[in-house]
Amino acid sequence: MIFIGVILLLAIGSLDFLIDLITTGQLSFSIFYLLPILLVTWYSDRKSGIEISMFGALVWHVSGIISGYIHSDHLLYYWNTAVRLGFFMITVIILSKLKETLEARTKFIFLLQSTLDDLKRTRVELEKRAQELERSNADLEQFAFVAAHDLRSPLITIGGYINRLRREYGGSLDDKANEMISLAFKNVIWMESLIKSLLSYARIEAKGKKFEPTDMKEVVESVLANLQGTIKDRNAKITCDDLVTVMADKAQIIQLIQNLIENSIKFCDKECPEIHLSVKRDEGECVFSVNDNGIGLDAEHFDKIFGIFKRVNEKSEYSGTGIGLAVSRKIVERHGGRIWVESEKGKGSTFFFTISEFVPAKFDT
Ligand code: ADP
């Protein structure tokens, strides 16, 4: 670039000299000295710009001397050349600063663009993964549903045969054989309840209904009617605040509240289990809580108990398969909410879940 600048300056200097000769110094051509200086500074660097400025000032100076149109006072002519050189250098410094700023901005824009491209790529990738996950989840649910459904009928047949064996041949068998038969039968019953649990879990998505305004007061009334036997047997006291209307699959919300209340009664060693249901509104979301005076839980189990077939207590201590809270979580998640527990061993538990409130549309009259 410097070489091109030198050639251009020599050409401009020659033209300047010729124009000075022809027009006897009346026509100025000197502005064009700036052109090669600007070009070299822009396309090369500041150092080359300063070098070419010095060369430009020299060419201008020499061209003036050769053409003979110089100031009568030679000292003034040198002074003018020094001023020109200063002007060139200031121009070079300003231009190179501008260039640096522009380069930094271009770099920043480039970086921003590539970050945006990366983000776009990541988003597409994430969407693809989410779709794959959704598909594989649906496949898994379908698989669990079909497997559980198909496993039930051979199990019922096995149970039937074991029962028949006990009835028809029990008398002719010794105690050990009878004990083995009843153990086998007990396990068939246990397996059937596990399969039933699995089916109820798989049905949440597969058989879920669409959401509609659901009055929670009616939900609680249905639950109390379903559990009236247990409530009476355990002498349980159930109270609730004023409840709201939510957008939900009513049957599933009944199942959810029933699971929580049933657990509160079951996991209570007091004479009279006390359960209180309340609701708080929080930015369009309703936070429900089911509080009890039961046996409570250690914090280390807070997450675990929402997993499939996860239980804290010994199988024989309290009945159940460990699916109730997994079903509850799936129901809440299907409704776009969250479920969690706060508790302390021996001091009762509070199960919370969130769900969207039903807000009736407003019509202008
Ligand atoms: P299940 O009731 O069949 O055991 P759940 O999934 O409903 O299964 O509950 C999982 C575990 O969480 C229970 O085994 C119990 O240890 C614990 N749990 C649930 N509800 C309560 C409660 N209200 N108080 C204390 N522990 C509870």
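Think of each chain on its own: its residues are numbered from 1, step by step along the sequence as written. Given that this is a predicted model, residues contribute local features only at a pLDDT of at least 70 and side-chain atom pairs are listed and counted only at 80 or more, while totals for whole chains, interfaces and linings are drawn from all residues. The basis for the side-chain values is all heavy atoms of the structure; hydrogens and waters are excluded.

1. Overview of the site of the ligand
Being near a molecule or strand, for a residue, comes down to having at least one heavy atom within 4 Å of it. Neighbouring residues of the ligand: 21 residues in total, closest N263, R311, N313, G322 and L325. Under the convention used here, a 1.4 Å probe and the Shrake-Rupley method define accessible areas, while residue burial counts only the protein chains that appear. Relative to its free-state accessible area of 530 Å², the ligand is covered by the protein chains to the extent of 98%. A run of H or I in DSSP becomes a helix once it reaches four residues, and a run of E becomes a strand once it reaches two; helices and strands are each numbered from the N terminus. When residues of the shell around the ligand are traced back to their parent elements, those giving at least two are α8 (250-266), α9 (324-334) and β7 (349-356). Broken down by element, the shell around the ligand gets its largest block of residues, three residues, from α8. The class makeup of the residues in the shell around the ligand is eight nonpolar, nine polar and four charged. Under this grouping Gly is polar, as are all residues other than the nonpolar Ala, Val, Leu, Ile, Met, Phe, Trp, Tyr, Cys and Pro and the charged Asp, Glu, Lys and Arg.

2. Here we look at a nonpolar patch on the surface
Two joining distances apply to patches: 9 Å for like charges and 5 Å for nonpolar side chains (Val, Leu, Ile, Met, Phe, Trp, Tyr), and every residue must have over 30% relative accessible area and no salt bridge. Every case where a carboxyl oxygen of Asp or Glu lies within 4 Å of a side-chain nitrogen of Lys or Arg is listed as a salt bridge. A cluster of nonpolar residues, M1, F3, I4, I7, W42, Y43, I90, I94, L98 and L102, forms a patch on the protein surface that exposes about 1000 Å² of accessible area. Looking at the nonpolar patch, the elements with two or more residues in it are α1 (2-22), α2 (34-43) and α4 (74-169). No other element matches α4, which puts four residues into the nonpolar patch. With respect to the secondary-structure elements, W42 resides in helix α2. For the exposure calls, accessible area comes from a 1.4 Å probe over protein chains only, and a residue counts as buried if that area is under 20% of its type's maximum, exposed if over 50%, partly exposed in between. Residue class for W42 comes out partly exposed when judged on its relative accessible area of 31%.

3. A few points about the nonpolar core
Core analysis: the largest hydrophobic core is formed by 41 residues, its most contacted members being I257 and F288. Any two residues having at least one pair of non-hydrogen atoms within 4.5 Å are treated as being in contact. Residues within four places of I257 in sequence aside, it is in contact with M216, V219, V223, L277 and F353. Throughout this description, the term nonpolar core refers to a set of buried Ala, Val, Leu, Ile, Met, Phe, Trp, Tyr and Cys residues connected via side-chain atoms within 4.5 Å. Ranked by size, the runner-up nonpolar core spans 14 residues in total, among them I12, L34, I37 and W60.

4. Looking at the pairing of β7
Most of β7 sits out of view: seven of its eight residues are buried. Of the pairings in the sheet, the one linking strand β6 (residues 339-343) to β7 comprises five bridges and is antiparallel in character. For S343, the partnering residue across the bridge sits in β7 and is S349. Where β6 folds back on β7, the antiparallel hairpin that results is connected by five residues, among which G346 adopts a positive phi of roughly 85°. Strands are labelled as partners when DSSP assigns at least two bridges between them.

5. Examining the sheet that holds β7
Strands sit in the order β2-β4-β5-β7-β6 across an open sheet of five strands; the sheet is mixed. Among the strands making up the open sheet, the edge pair consists of β2 (237-240) and β6. Geometrically, the sheet is characterised by an average inter-axis angle of 20° between neighbouring strands, direction not taken into account. As judged from the seven bridges shared by strand β5 (residues 285-292) and β7, these two strands associate in the antiparallel manner. In the sheet register, C286 faces β7, and the bridge partner there is I355. Along the sheet, α8 contacts β2, β4 (274-282), β5, β6 and β7; its crossing angle with β7, the most-contacted strand, is approximately 175°. Where helices are involved, their axes are fitted lines through C-alpha atoms of the stretch in contact, as for all axes, and angles between N-to-C directions lie from 0 to 180°.

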